[in-house]
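Chain and residue survey
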Amino acid sequence: MLRYVLRRLLSAVPTIFIVVTLSFFLMRVAPGGPFNLERPLEPQVLENLKRAFLLDQPLVVQYGHYLWNLAHGDLGPSFIYRDFTVSELIGKSLPYSMTLGAWALLVAVFGGIAIGSYAALRQNSFVDYAVMSVASFGITVPNFVLAPILSFVFAVVLHWLPAGGWGDGGPANLVLPVISLALPQLAVFARITRGSMIETLRADHIRTARAYGLPTRVVVVVHAMRAALVPAVSYLGPVAAAVLTGSVVVETVYSLPGVGRYFVLGALNRDYTLVMGTVVLISVFIVVFNLLVDILYAVLDPRVRYE
Amino acid sequence: MSEMTQSLAEPVAAMRGTSLWAMARHRFVRNKASMASLVILVLVAVFSFGGTWVYPHRYDQIFPSYVAVPPSLDPYPREDTLLQVMQTAVERARLRLDAFDADGTTYTARISSDKPIDARATRYLDRPDEFDSAEITGTADDGRTIEVKGRVNAQYFPFGTDRNGRDLVPRIMVGGQVSITVGLLATFVSLVIGVTYGAVSGYVGGRVDNVMMRFVEILYSLPFMFFVIMLVVFFGRHFVLIFAAIGAIEWLDMARIVRGQTLSLKRREFVEAALAMGLTNWQIIRRHVIPNTIGPVVVFVTVLVPKVILLESFLSFLGLGVQEPMTSWGSLIAEGTTGMQAVPWLLIYPAVFFVTTLFALNFIGDGLRDALDPKDR
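In what follows, the accompanying structure is described. (Residues numbered from 1 in each chain as written. Chains lettered and ligands numbered in written order. Predicted model: local features only at pLDDT ≥ 70, side-chain atom pairs only at ≥ 80, totals over all residues. Heavy atoms only, no water.)

**Side note on the interface of chain B and chain A**
Bring the parts together and some accessible area is lost; that lost area is often taken as the interface size. Taken together, the contact between chain B and chain A spans 32 residues of the former and 36 residues of the latter. For the pair chain B and chain A, the two sides together bury roughly 3,200 Å², of which 86% comes from carbon and sulfur. The interface formed by chain B and chain A includes zero residue pairs in polar contact (both at pLDDT 80 or more). Going through the elements one at a time, helix H7 (224-235), helix H12 (294-317), helix H13 (329-337) and helix H14 (345-372) of chain B are the ones with two or more residues in the side of chain B that touches chain A. Here the side of chain B that touches chain A is composed, by residue class, of 25 nonpolar, five polar and two charged. (Contact = heavy atoms within 4.5 Å. Buried area = accessible area lost by both parts, 1.4 Å probe. Polar contact = N/O pair within 3.5 Å; in protein donor to acceptor, adjacent residues only side chain to side chain. Helix = DSSP H or I, 4+ residues; strand = E, 2+ residues; numbered from the N terminus. Nonpolar A, V, L, I, M, F, W, Y, C, P; charged D, E, K, R; others polar.)

**What about the packing of aromatic side chains?**
Counted according to the given criterion, the structure contains 16 aromatic pairs over all chains. Between B:Phe47 and B:Phe353, the aromatic rings sit 5.0 Å apart at their centres with planes inclined by 20°, giving stacked as the arrangement. With a gap of 306 residues between them, B:Phe47 in helix H2 (residues 32-54) and B:Phe353 in helix H14 connect regions that are remote in the sequence. Take B:Phe353: its relative accessible area is 16%, and that puts it in the buried class. Members of the aromatic cluster, connected to one another through ring pairs, are A:Phe24, A:Phe25, A:Tyr63 and A:Tyr66. Sitting over the face of the ring of A:Phe84, A:Lys92 holds its NZ or CZ atom 4.4 Å from the ring centroid. (Phe/Tyr/Trp six-rings, centres within 6.5 Å; stacked < 30°, edge-to-face > 60°. Buried < 20%, exposed > 50% of the residue type's maximum accessible area, 1.4 Å probe, protein only. Lys NZ or Arg CZ within 6 Å of the ring centre and 35° of its normal.)

**Observations concerning the pairing of strand S2 (residues 106-112) of chain B**
All names here are of chain B. As paired elements, strand S1 (residues 96-102) and S2 share six bridges and run antiparallel to each other. Along S2, the bridge assignment pairs Arg-96 with Ser-112. Counting the residues between successive antiparallel strands, the hairpin from S1 to S2 contains three residues, one of them, Gly-104, with a positive phi of roughly 80°. Relative to strand S4 (residues 145-152), S2 runs antiparallel, the two sharing seven bridges. Of the residues in S4, the one forming a bridge with Ser-112 is Thr-145. (Pairing = 2+ DSSP bridges.)

**Things to note about the pattern of salt bridges**
Under the counting rule described, the total for this entry stands at eight salt bridges over all chains. Its salt-bridge partner being A:Asp128, residue A:Arg194 comes within 2.8 Å of it at the nearest N-O pair. Taken together, the residues A:Arg194 in helix H7 (residues 171-201) and A:Asp128 in helix H5 (residues 126-140) connect sequence positions 66 residues apart. Taken together, the shared-partner salt bridges connect B:Asp162, B:Arg166 and B:Arg171 into one network. (Salt bridge = Lys/Arg side-chain N within 4 Å of Asp/Glu carboxyl O.)

**Quick notes on a nonpolar patch on the surface**
All names here are of chain A. Side chains of Ile-149, Val-153, Val-157, Leu-158 and Trp-160 sit close together on the surface and give an oily, nonpolar patch of about 450 Å² of accessible area. Position of Leu-158 relative to the elements: it lies in the loop between helix H6 (143-157) and H7. Note on Leu-158: relative accessible area 36%, which makes it partly exposed. (Patch = residues over 30% accessible without salt bridge, like charges linked within 9 Å, V, L, I, M, F, W, Y side chains within 5 Å. Areas by Shrake-Rupley, 256 points an atom, 1.4 Å probe, with all protein chains shown as cover.)

**What to know about the layout of surface pockets**
All names here are of chain A. Here the second largest pocket defines a volume of roughly 300 Å³. In terms of lining, the second largest pocket is formed by 15 residues, of which the most central are Val-109, Phe-110, Ile-113, Leu-229 and Val-233. Listing elements by their share of the lining of the second largest pocket, those giving two or more residues are helix H4 (86-121), helix H9 (216-244) and helix H12 (272-300). The element that contributes the greatest number of residues to the lining of the second largest pocket is H4, accounting for seven residues. Of the residues assigned to the lining of the second largest pocket, the class counts are 14 nonpolar, one polar and no charged. (1 Å grid on protein atoms, 1.4 Å probe; cavity = no way out; pocket = protein on both sides within 12 Å on 5 of 7 lines; lining within 4 Å. Points joined across faces, edges and corners; volume = space filled by probe spheres on them.)

**Description of helix H9 (residues 251-265) of chain B**
Residue and element names in this part refer to chain B. Helix length check: H9 (15 residues) gives 21 Å between terminal C-alpha atoms against 21 Å at 1.5 Å per residue, within 8%. All of the buried residues in H9 are Trp-251, Leu-252, Met-254, Ala-255, Val-258, Thr-262 and Leu-265. Taken end-on, H9 shows its buried residues confined to a sector of 150°, consistent with a single buried face. (Expected span 1.5 Å × (residues − 1). Arc of directions from axis to C-beta.)

**Section: the sheet that holds S1(B)**
Residues and elements named next belong to chain B. In space, the four strands of this open sheet follow the order S1-S2-S4-S3, with antiparallel pairing throughout. Edge positions in the open sheet fall to S1 and strand S3 (131-140), since each of these has one partner strand only. Put simply, the sheet's adjacent strands are angled 20° from each other on average, direction ignored. Those strands touched by helix H3 (residues 79-92) are S1, S2, S3 and S4, and its axis lies near 155° from that of S1. (Axes fitted to C-alpha atoms, helices over the stretch in contact; angles between N-to-C directions.)

Have a look at this one:
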């Protein structure tokens, strides 16, 4: 198992290398630069700035330099937020995104699995149809529609919750962003779980468990859940990475200080290192969560063995 | 030889083709949700594409008099605002308004001045959006007083106007055109890339297949949303670029599906027969492999179209989509979110159209999947 994990982590290195290379050169061949301001800088100042950020060197040298620093865990200085390094900017904003994302993920996974299982147990009943039509609503309505509407209803019309901002990170500030971020994913989890649970409940080992006279609760939670979770888990990896590294939309609508914003701001300002930093961060998250998901598979399904 | 194979192959293919499609159509038509969705989708498409031809206002036409007016089925201007508007217009011409009377479609006004009034002064009266075709009907006091008659210009804004005074109805129409077009074109791009890639990979097989699928796996682990954002930000917000970028990232699933189909197809007898007849690999892929993968591909396309529309709207929402005064549903929704308190209709109407369309597309996709691939469920 340990060898498998190590091998997977090693094989992630080329992936991240490709991501870095692609985004580095893509950004540089594009027109415009971080110092192309509306009011041009003095030539002397511009030259000094370029020298300070190595922009006067050939592209390959800059690329090598960036890779060297990256290998040492240094993401470089930000071009636009002059007093900060990219690591500092990310370090400052990541906790917010992680807190928000962790709550959203919890709500989505547990809510989705609970609702999906419940619907599966009452298949083709009114409850089932009601739950599943709400779920298909959640899948269809993207969070850039959901978030403004929630904020409109609960903050603007009803005045129950604040319309945005982090505040002290208390429940009142978090409820709307977490719901906006979680609902679409919750709907997907509910749908997947319902499907797999219906299938599992028809399996032989479940019929056996029922024949032994075990209560439905035990049959579902102990015997069926494990098998029914496998398809949901495969969806978990990419979702977790996306949710934890911050949704650009939710952070924008509720004006939260997370990482997602930095990517868009960085890209708009041609802040090369900041964009690279966020891209690297996302790729690392994707790789790590895909690995975690594969390990979870082995836990859930004893037939899966990694050598 | 070729004559014989044609006479043998064609009727058989035709018979099978019709029955398969006829059955699928039969199943689809019986699905009420899908049929209703299809009708709704056609209505939305007709509204978006046909609407701009018949609707009196253009999407970029600005009505300075009607900035952010709420939706209403009654015509603007309101009767009680007319006097004020006329007063302002007359003052702008440096004249005096002595009497004013409006009755729905026409108005009469008596205007006076200390000096004789130039007939061209009536142009000032036509300037506000509310009034039209002012005409001098009588003069008195040696031209120091004139009687003016004109039309009250009734405008309908059933969805209200935005904060620049543009009618929301044609904007939603144009937004729909952009969203639907991008959805279809980007899906087409990904269809072409994905089907070709998957068919080649599956058909050639062996080491080539390994390498090609390994490449797809690597691409899967890239943060693609970010690449699209980067492409759009760095290379400008061009319409073509947006759908090319989206299409270029959405072909991965398609390639996998087609590859799987191809793997099972290439062991079938008709492929062997084609090989024996001396067709080249590319000819076999084009004539025998790709047409036979069409079922799953059609299903996948219907899933992809709403996904792409969503992606485009997401880009537009971030301000990276098409540029003003052009618009798309995503940009309209983004515009609506910034002023929910004062002008909620700017959010509500575009959101309703957007969500309805996505719903319809999803239901059609479900219906098609059931119709074309009944074993799938």
